[in-house]
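This is what each chain is made of:
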Amino acid sequence: IASVEKAEKKLFELIDEQFITDEIDDPNVDKLPPSDLKKLQEKSQEMEVKMEVCPSPLKCIRLKGEVAKVQQLKIDILQILSSFEKHEGQQREAQHLKKIVQWKRQSSQDSLEDYDVQQNYEIEQAHSDGRPTYTYQNSSEYYTIDFQKLKETDHYARTTCTVVRVDLEKQYREGDLPRSWVS
């Protein structure tokens, strides 16, 4: 009987060495899109790691399985959380930048249209980096902004229009306040 108990104890020690439970605590866990969570669930099943998203307000992911597989999945999850946090930071920067600088393009009716928040951010980043041009895709069409000429070229239609960079801080310092600010 003593040898059976000794073998049983050794077996449990080996299991404890090979299998772990680990938690990832991160405030962005409950903000992850369902599509990302689904991909992580599928990956955990492929790796034979049990993955459980802790109910709010805990904001954690619990992993159970073989040590090496749990560690690999944890790295993958941390990378997704990191890229999610980076993306959220860029969105905050873009919202803030829209209050400072606004890029506009001349529409077909000769009025100026604002670029959307994210596009404005990307154009300003390219401009601030000193790049001579910036190319982007909208739907299936490609456009290039030439910062020296302040022109945007539609590569499909082969047309150009004027672009303008409005420094909102300078504009407001000089007394041209938005109508909503004036009582």
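Please read these numbers as outputs of a predicted model, since none were measured by experiment. (Residues numbered from 1 in each chain as written. Predicted model: local features only at pLDDT ≥ 70, side-chain atom pairs only at ≥ 80, totals over all residues. Heavy atoms only, no water.)

## Regarding the overall build of the protein chain
We count it as follows: We count a stretch as a helix when DSSP gives it H or I for four or more residues in a row; a strand needs E for two or more, and each element gets its number in order from the N terminus. Only C-alpha atoms enter the radius of gyration, while the globule expectation follows 2.2 Å times N to the 0.38, with N the number of residues. By definition in these notes, contact holds between two residues if any of their heavy atoms fall within 4.5 Å. For every accessible area listed, the method is Shrake-Rupley and the probe measures 1.4 Å; residues are considered covered only by the protein chains on display. Counted as positive: Lys and Arg. Counted as negative: Asp and Glu, with His and the chain ends omitted from the count. Charge positions are represented by NZ for Lys, CZ for Arg, CG for Asp and CD for Glu.
The number of helices and strands found in the protein chain is five helices and nine strands. Ordered by position in the sequence, the α and β elements of the protein chain form the string α-β-α-β-β-α-β-β-α-β-β-β-β-α. Its C-alpha radius of gyration of 27 Å places the protein chain more than 25% over the 16 Å reference for a compact globule of 183 residues. Counting only C-alpha atoms and orienting by the principal axes, one finds that the protein chain spans roughly 95 × 45 × 25 Å. Once local pairs closer than 6 in sequence are excluded, the contacts in the protein chain between residues at least 24 apart make up 47%. With the model as given, the accessible surface of the protein chain reaches about 12800 Å², and the carbon-plus-sulfur share is 50%. Where the 27 positive side-chain charges of the protein chain centre and where its 35 negative ones centre are 2 Å apart.

## Remarks on the state of the cysteines
Where two cysteines share a covalent bond between their sulfur atoms, that bond is called a disulfide. What counts here: Two cysteine sulfur atoms make up a disulfide if the distance between them is within 2.5 Å. Remark: exposure states derive from per-residue accessible area (1.4 Å probe, protein chains only) relative to the maximum for the residue type, with buried under 20%, exposed over 50%, and partly exposed in between.
Summed over the entire model, instances satisfying the criterion amount to one disulfide. For Cys54, the disulfide goes to Cys60, at an S-S distance of 1.9 Å. Sign of the S-S torsion, about -80 degrees for the bond between Cys54 and Cys60, identifies this disulfide as left-handed. Considered together, Cys54 and Cys60 belong to a single accessibility category, that of buried residues.

## A closer look at the packing of helix α2 (residues 34–46) against helix α3 (residues 67–97)
Put simply, the test is: Only the stretch in contact is used when a helix axis is fitted, and all axes are lines through C-alpha atoms; the angle between N-to-C directions ranges over 0 to 180 degrees. Here is the rule for angles: anything less than 35 degrees is roughly parallel, anything more than 145 is roughly antiparallel, 65 through 115 is roughly perpendicular, and the remaining ranges are oblique. Classification used: nonpolar for Ala, Val, Leu, Ile, Met, Phe, Trp, Tyr, Cys and Pro, charged for Asp, Glu, Lys and Arg, polar for all others including Gly.
Interhelical geometry of α2 versus α3 gives an angle of 170 degrees and a closest axis separation of 11 Å. Between α2 and α3, the crossing angle belongs to the class labelled roughly antiparallel. Judged by residue contacts, Asp36, Leu40, Lys43 and Ser44 of α2 engage Leu73, Asp76, Ile77 and Ile80 from α3. Looking at the contact of α2 with α3 residue by residue, the classes come out as four nonpolar, one polar and three charged.

## Topic: the side chain of Asn120
Mapped onto the secondary structure, Asn120 falls in helix α4 (residues 117–128). Sequence-distant contacts of Asn120, that is, excluding residues within four places in its chain, are made with Leu97, Lys98, Val101, Gln102, Trp103 and Tyr115.

## Examining the sheet that holds strand β4 (residues 101–106)
Stated precisely, the cut-off is as follows: When DSSP finds at least two bridges between two strands, those strands are taken to pair.
Strand order across the open sheet formed by six strands is β5-β4-β9-β8-β7-β6, with antiparallel pairing between neighbours. Of all strands in the sheet, those bounded by a partner on one side alone are β5 (112–114) and β6 (133–138). Here the average twist between neighbouring strands, direction ignored, is 30 degrees. By the bridge criterion, five bridges tie β4 to strand β9 (residues 159–167) in an arrangement that is antiparallel. Across the sheet, Val101 pairs through a bridge with Asp167, a residue of β9. Across the sheet, α4 is in contact with β4, β6, β7 (141–146) and β9; its angle to β4 comes to roughly 100 degrees.

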